[in-house]
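One-letter residues, chain by chain:
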Amino acid sequence: MSYYFSTIVDDSFDDAIVRVTENLAAAGFGVLTTIDVSATLKKKIDVDFPRYTILGACNPGYAHKALLAEDKIGLMLPCNVIVQETSDGKVEVSAIDPMASMMAVKNESLGGVASDVQSMLKNVIEGL
């Protein structure tokens, strides 16, 4: 089982971030965090790294359901989506598969929540 969904988009890197953010919002997700990994690596350890941004996406209703079912599930939230420049100059967008990450948690009541969020994130990626 793969732990992510992924697609290559025809957008520029910056346009991909805008479009992913808009598609996430249309699916009920907000972006709580934006981490520019490339800039952070350059600043902290002076390493040049291809453009790579992590978007921490959260659907409040589903996050609430997951937290009610498992109080430590916040360790696995938010759902990360990455936008990265590939070695051939394309832009790839990937999202975590929450079903894969929830397998580590032994709580059956999370299954429905994870399945719903999986479907939503998969639709976001496929819709790009």
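Placed above this text is the structure.
Residues numbered from 1 in each chain as written. Predicted model: local features only at pLDDT ≥ 70, side-chain atom pairs only at ≥ 80, totals over all residues. Heavy atoms only, no water.

Draft legend 1. Layout of the environment of Val31. Mapped onto the elements, Val31 comes out in strand 2 (residues 30-36). For Val31, a relative accessible area of 29% corresponds to the partly exposed category. Not counting the four nearest positions on each side in its chain, Val31 is found in contact with Thr21, Leu24, Leu55, Gly56 and Ala57. (Helix = DSSP H or I, 4+ residues; strand = E, 2+ residues; numbered from the N terminus. Buried < 20%, exposed > 50% of the residue type's maximum accessible area, 1.4 Å probe, protein only. Contact = heavy atoms within 4.5 Å.)

Draft legend 2. Spotlight on the nonpolar core. Of all hydrophobic cores here, the largest spans 29 residues; its most connected members are Leu24, Val81 and Val83. Looking at this core, the elements with two or more residues in it are strand 1 (4-9), helix 1 (13-26), strand 3 (52-58), helix 3 (60-69), strand 4 (79-85), strand 5 (91-96) and helix 5 (111-126). With seven residues, the single largest contributor to this core is helix 5. For Val83, the contacting residues outside a window of four places in its chain are Phe13, Ala16, Ile17, Val20, Arg51, Tyr52, Thr53, Leu55, Val91, Glu92 and Val93. (Core = buried A, V, L, I, M, F, W, Y, C linked by side-chain atoms within 4.5 Å.)

Draft legend 3. Highlighting the side chain of Asn107. Its place among the elements puts Asn107 in the loop between helix 4 (98-102) and helix 5. Among the residues examined, Asn107 registers a relative accessible area of 18% and is labelled buried. Within polar-contact distance, the side chain of Asn107 engages the backbone oxygen of Ala69 at 2.7 Å. Only 2.8 Å separates the side chain of Asn107 from the side chain of Glu70, close enough to count as a polar contact. (Polar contact = N/O pair within 3.5 Å; in protein donor to acceptor, adjacent residues only side chain to side chain.)

Draft legend 4. Fine view of the packing of helix 3 against helix 5. One can describe the packing of helix 3 onto helix 5 by two numbers: an axis separation of 10 Å at closest approach and a directional angle of 155°. In this view, helix 3 runs roughly antiparallel relative to helix 5, as classed from their interaxial angle. At the point where helix 3 passes helix 5, the crossing takes the left-handed sense. Here Tyr62, Lys65 and Ala66 of helix 3 lie close against helix 5, whose contacting residues are Val113, Asp116, Val117 and Met120. (Axes fitted to C-alpha atoms, helices over the stretch in contact; angles between N-to-C directions. Parallel < 35°, antiparallel > 145°, perpendicular 65-115°, else oblique. Left-handed = near helix turned anticlockwise from the far one by under 90°.)

Draft legend 5. Region of interest: the environment of Glu92. One can find Glu92 in strand 5. Spatially, the C-alpha atom of Glu92 lies 12 Å from that of Pro50, the residues being 42 residues apart in sequence. Leave out the neighbours within four places in its chain, and Glu92 touches Ser6, Thr7, Ile8, Ile82, Val83, Gln84 and Thr86. Within polar-contact distance, the side chain of Glu92 engages the side chain of Ser6 at 2.5 Å.

Draft legend 6. Seen up close, the side chain of Ser94. Within the secondary structure layout, Ser94 lies in strand 5. Judged by relative accessible area, Ser94 falls into the buried class, the value being 6%. A distance of 2.9 Å separates the side chain of Ser94 from the side chain of Ser6, its partner in a polar contact. Here Ser94 is in contact with Tyr4, Phe5, Ser6, Asn80, Val81, Ile82 and Ile125, once residues within four sequence places are set aside.

Draft legend 7. Representation of the pattern of salt bridges within the structure. Counting across every chain of the model gives five salt bridges. Among the ionic pairs, Arg19 bridges to Asp11, the shortest N-O distance being 2.7 Å. On the accessibility criterion, Asp11 (22% relative accessible area) is partly exposed. Of the charged contacts in the structure, one is a salt bridge between Asp14 and Arg51, with a shortest N-O distance of 2.7 Å. Note that Asp14 is positioned in helix 1 and Arg51 in the loop between helix 2 (37-45) and strand 3, a separation of 37 residues in sequence. (Salt bridge = Lys/Arg side-chain N within 4 Å of Asp/Glu carboxyl O.)

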